[in-house]
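Below, each chain spelled out in residue letters.
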Amino acid sequence: MRNPTDSKALPVHKLELDPRIIPNRIHAIVYSCAILALLYRHLVRLWDAPTVPSFFIFLTMLVADMVLAFMWAMNQGFRWRPVRRQEFPENLPSVISDSEFPKLDVFICTADPYKEPPINVVNTALSVMAFDYPAEKISVYVSDDGGSELTLFAFMEAAKFARHWLPFCKKNKILDRCPEVYFGSNALCPSAELKAMYEMMKTRVERAMESGQVEDVYKAEEEVFKLWRTRGFTRQDHPAVIQPLLQSEWDLDVGGHKLPNLIYLSREKRKTHHHHFKAGALNALLRVSGKMSNAPLILTLDCDMYSNDPGTAIRALCYLVDEEMRDVAYIQFPQRYRGLNKQDIYASEHKRLFQINPLGMDGLQGPNYVGTGCFFRRRALYGSPSSSVQHNGNGSTTTDIGSLGEDAHLLASCSYEDNTSWGHQVGFRYGSLVEDYFTGYRLKCEGWRSLFCNPERASFLGEVPINLADALSQNERWGVGLLEVVFSKYNPLVFGVMKTSLPMGMCYGHYACWPFYALPVTIYGLLPQLSLLAQGPPLFPKASSPFFYLYAYLFLGAYGQDLLDFLNERGTVQRWWSDQRMWMIRGTSSYLFALVHHSFKLIGFSGLGFNLTTKVIDEDENKRYEQGVFEFGAASPFFLSLGTIAMLNIVSFSVGLVRALLLKNVDEVFAQLFVSGFVVVNSWPIYEAMILRSDKGRMPTQITIPSTLMVYVLCCILAAAAFRT
């Protein structure tokens, strides 16, 4: 293998600084001065507050603006030195031959066959088994934390289908190597027989799901299923199961070529042991794969995120073969999604998180790990770049479970990690529900770097939540996990800054503090509106005051820069509007609930568990989603806060506008009317769901009535107080 820096080798990658660096820094300086001027105004108003209630109202607004200023300052870490990378996989043969390619282990985790249908997981596995990569060097490990015979059955079916599917893809140079996507988008498939074979496999798996049990023939013929019958498997309590389904040393496809290894793993579960959710499953995979295939490269994938480009592994190699990048722990590809509606109404694309911010982090020490679409060096998960620690595993190249005996099962036992450094200094890290964020962050603190790879064609595509409750629940879980990092000894703004750099610590600190957005968003959603209804002291300067232009600049400067960033990464104005609207919705629901849940956890009450986002598609929900209609349906507690704030804002805007026109003081309350009106415009889907819609996705009555009553009571209290004065 040649070094890519060798003068005789063609370049396999390049790096360019983003031209926005200088404009970003100039804007940061000017905007910082404006923030200081705003804080000065707040302090003057506090000093001159005429009454005690006014003092506390002004203090609350100061807190809101200080949190926004803090989060803006942390966000500048992403804008300090953005870079862009480009790979040249066509030049890789000048550096390394196919026979020298390192082995690759792929980790796919699933936990519930009813929320994560096995046929979807099968499609993900088949898509990466069909990589343009030497098949005998690929090992795909499927972790089933649900301990379900249905998932194992689905993969036994997949192993049969792979013998036909993989050679078909490579022979016909198919790009869409996820069977469901390929057959769904190609009416004229070159092989009707193969399509029928896939449909038969899919039918058998779906029939097993409906009946709740696998085919009788498998129960009779396959020894492994005796475990489920004789040991009383439950999701929370069962022994380890490790079952190789394809072994490259013996299994061939229909063309006589070697197949990748395919291994099913369900780690041991006992109710007496904490299993650390996905991080625990990944660590079990890390140990077992180290004993079986021991590949130096590892790809982690979500069970619903299939490969959309068979050349992705080759693209990652463009960096990993470079000797100057030995301190690169992982190559992160962005999460991108199929099936997003035109407006992306739930902002599920998370463009800033997955596509914009990583460019800025890549110019520092590298992007954060986002849990999927990431190629790791196995070495990085066992110690710092300078350490001499060796990872477990005997370097075996066989997946013959018989030859491994009890050793492999021991590695998947729930007691293996007791009194060890697993999850603390070794492997994927424990201590947060967002194990991906925490693992990537800890690796940076140990001295590792990472790189961001964002090719034109999406390397991986996944599914998105198609109802609001799932979208908000996912963000609440992230929020609680991030707060666990904030309130630990690994706080990014202390530990992270010391171990990495100030800009890197700011980036990780910005993510960790996401839930604190709940404070300013909720305050701005309630306080100006209540003051408007109660005719309290004006919270903002008059429209004719010079300070009004300060507020206008701060608002337009933040939103304008965000819009430009969004459009610069091939976004649309419609999707940007959805993104900023969902930022406000999350602030008054997901992040607010995350703060409450974590506060309870700090004082000893039970914290939030790991709840899966369902991947099952409801046809009616899907139709409404495609039409851009918000799905409320279930009576989620998130909706109570959303409904209450939405109703309060439309009442305050209406009453405040009429009163301002009658009293001719629009100039004095213009800013408060603008804030309330801005919330009203963003809340249109909520009003529509509460009042205008009659479909099953409308706001539940048990949410609409309490929300309306709460606003009515508030208005009565304010009216009574005004009458007394």
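Residues numbered from 1 in each chain as written. Predicted model: local features only at pLDDT ≥ 70, side-chain atom pairs only at ≥ 80, totals over all residues. Heavy atoms only, no water.

1. So, the overall build of the chain
Along the backbone of the chain there are 26 helices and 13 strands. A compact globule built from 725 residues would reach a C-alpha radius of gyration of about 27 Å, and the chain, at 28 Å, matches this within 12%. For the chain, the spread of C-alpha atoms along the principal axes amounts to about 85 × 60 × 55 Å. Taking as baseline every contact in the chain between residues at least 6 positions apart, the subset at least 24 positions apart corresponds to 82%. Working note: accessible area of the chain is about 29,900 Å², and carbon and sulfur atoms make up 60% of it. When the 70 positive and 71 negative side-chain charges of the chain are each reduced to one mean point, those points stand 4 Å apart. (Helix = DSSP H or I, 4+ residues; strand = E, 2+ residues; numbered from the N terminus. Rg over C-alpha atoms; globule rule 2.2 N^0.38 Å. Contact = heavy atoms within 4.5 Å. Areas by Shrake-Rupley, 256 points an atom, 1.4 Å probe, with all protein chains shown as cover. Lys, Arg positive; Asp, Glu negative; His and termini not counted. Charge placed at Lys NZ, Arg CZ, Asp CG, Glu CD.)

2. A closer look at the pairing of strand E6 (residues 261-266)
For a regular strand, side-chain orientation follows a simple rule: the groups alternate between the two sheet faces. Within E6, six of the six residues are buried, which leaves the element mostly enclosed by the surrounding structure. A two-sided burial pattern is seen for E6, the buried positions comprising Asn-261, Ile-263 and Leu-265 on one face and Leu-262, Tyr-264 and Ser-266 on the other. Bridge count for strand E4 (residues 138-144) against E6 is five bridges, and the pairing is parallel. Bridge pairing in E6 places Ser-143 opposite Leu-265. (Buried < 20%, exposed > 50% of the residue type's maximum accessible area, 1.4 Å probe, protein only. Pairing = 2+ DSSP bridges.)

3. Examining the sheet that holds strand E9 (residues 328-332)
Spatial strand order, E5-E6-E4-E3-E7-E11-E9-E12: eight strands in an open sheet with mixed pairing. Two strands in the sheet have a free side with no partner beyond their single neighbour: strand E5 (241-246) and strand E12 (449-452). Taking the axes of each pair of neighbouring strands and ignoring which way they run, one obtains an average angle of 20° across the sheet. Along the sheet, helix H9 (residues 277-292) contacts strand E3 (104-110), E4, E5, E6 and strand E7 (297-302); its crossing angle with E3, the most-contacted strand, is approximately 145°. Across the face of the sheet, helix H14 (residues 435-445) comes into contact with E9, strand E11 (374-377) and E12 while running at roughly 145° to E9. (Axes fitted to C-alpha atoms, helices over the stretch in contact; angles between N-to-C directions.)

4. Looking at unusual backbone geometry
The backbone phi angle of His-350 is positive, close to 45°, even though this residue is not glycine. Relative to the assigned elements, His-350 resides in the loop between strand E10 (336-337) and helix H11 (351-362). Non-glycine residue Lys-664 carries a positive phi angle of around 55°. Along the polypeptide, Lys-664 turns up in the loop between helix H23 (637-663) and helix H24 (666-682). Exposure remark for Lys-664: the relative accessible area of 76% places this residue in the exposed category.

5. Points about the confidence of the model for the chain
The share of residues in the chain with pLDDT of 70 or more is 91%, and the mean pLDDT across the chain is 89. Across residues 392-399 the pLDDT falls below 50, and counting only partners more than four positions away or on other chains, this stretch makes 28 contacts in the model. (pLDDT = per-residue confidence, 0-100.)

6. A closer look at the pattern of salt bridges
Close approach of charged atoms lets side chains of opposite charge pair. Summed over all chains, the structure comprises 33 salt bridges. Put simply, Asp-565 and Arg-20 hold a salt bridge, and the shortest N to O gap is 3.0 Å. One end of the pair, Asp-565, is in helix H19 (residues 546-568); the other, Arg-20, is in the loop between strand E1 (13-17) and helix H1 (21-47), and 545 residues separate them in sequence. The pair Asp-565 / Arg-20 is uniform in exposure class, with both members buried. Within this structure, Asp-18, Arg-20, Arg-79, Arg-84, Arg-352, Asp-562, Asp-565 and Glu-569 form a network of salt bridges that share partners. (Salt bridge = Lys/Arg side-chain N within 4 Å of Asp/Glu carboxyl O.)

7. Description of the packing of aromatic side chains
The full count for this structure, using the stated rule, is 48 aromatic pairs. The interplanar angle of 50° and the centroid separation of 5.7 Å between the aromatic rings of Phe-161 and Tyr-198 together place this pair among those described as tilted. Taken as a pair, Phe-161 in helix H4 (residues 149-171) and Tyr-198 in helix H6 (residues 192-211) lie far apart in primary sequence, 37 residues in all. Look at Phe-161 and you get buried, because its relative accessible area is 2%. (Phe/Tyr/Trp six-rings, centres within 6.5 Å; stacked < 30°, edge-to-face > 60°.)

8. Focus: the side chain of Ser-384
Mapped onto the secondary structure, Ser-384 falls in the loop between E11 and helix H12 (401-404). Take Ser-384: its relative accessible area is 18%, and that puts it in the buried class. Those residues in contact with Ser-384 that lie beyond four places of it in its chain are Arg-379, Glu-446 and Trp-448.

9. Considering the environment of Leu-46
Its location among the elements puts Leu-46 in helix H1. When the C-alpha atoms of Leu-46 and Asn-75 are compared, they prove to be 28 Å apart, with 29 residues separating the residues in sequence. Leu-46 has contacts with Phe-55, Phe-58, Leu-59 and Leu-62, leaving out every residue within four places of it along the chain.

10. A word on the packing of helix H15 (residues 468-486) against helix H21 (residues 590-602)
In the contact formed by H15 and H21, the axes pass within 8 Å of each other and the chain directions differ by 45°. Between H15 and H21, the angle is such that the two are oblique. Between H15 and H21 lies a crossing of right-handed hand. Of H21, the residues touching H15 (which contributes Leu-472, Asn-475, Glu-476, Gly-479, Val-480, Leu-483 and Glu-484) are Ser-590, Tyr-591, Phe-593, Ala-594, Leu-595, His-597, His-598 and Lys-601. Partitioning the contact of H15 with H21 into residue classes produces seven nonpolar, five polar and three charged. (Parallel < 35°, antiparallel > 145°, perpendicular 65-115°, else oblique. Left-handed = near helix turned anticlockwise from the far one by under 90°. Nonpolar A, V, L, I, M, F, W, Y, C, P; charged D, E, K, R; others polar.)

11. With respect to the sheet that holds strand E13 (residues 460-462)
Reading across from one edge, E8-E13-E10 is the order of the three strands in this open sheet, with mixed pairing throughout. This sheet does not close on itself; its edge strands, each paired only once, are strand E8 (306-307) and E10. Alignment of E10 against E13, held across two bridges, turns out to be parallel. Across the sheet, residue Tyr-337 finds its bridge partner in E13, namely Gly-462.

12. Here we look at the packing of H1 against H19
The N-to-C vectors of H1 and H19 enclose an angle of 140°; their axes lie 10 Å apart at closest approach. Taken together, the axes of H1 and H19 lie oblique to each other. In the crossing of H1 with H19, the sense of the turn from one axis to the other is left-handed. The segment H1 lies against H19, with Asn-24, His-27, Val-30, Tyr-31, Ala-34, Ile-35, Ala-37, Leu-38, Arg-41 and His-42 engaging Phe-547, Leu-550, Tyr-551, Tyr-553, Leu-554, Gly-557, Ala-558 and Gln-561.

13. Concerning the environment of Phe-58
When you line up the elements, Phe-58 lands in helix H2 (residues 52-79). The exposure class assigned to Phe-58 is buried, which follows from its relative accessible area of 7%. When neighbours within four sequence positions are excluded, Phe-58 is seen to be in contact with His-42, Arg-45, Leu-46, Ala-49, Pro-537, Pro-538 and Leu-539.

14. Here we look at a negative patch on the surface
Together, Asp-618, Glu-619, Asp-620 and Glu-626 give the surface a local cluster of negative charge. Along the chain, Glu-619 turns up in helix H22 (residues 619-626). By relative accessible area, Glu-619 is classed as exposed at 57%. (Patch = residues over 30% accessible without salt bridge, like charges linked within 9 Å, V, L, I, M, F, W, Y side chains within 5 Å.)

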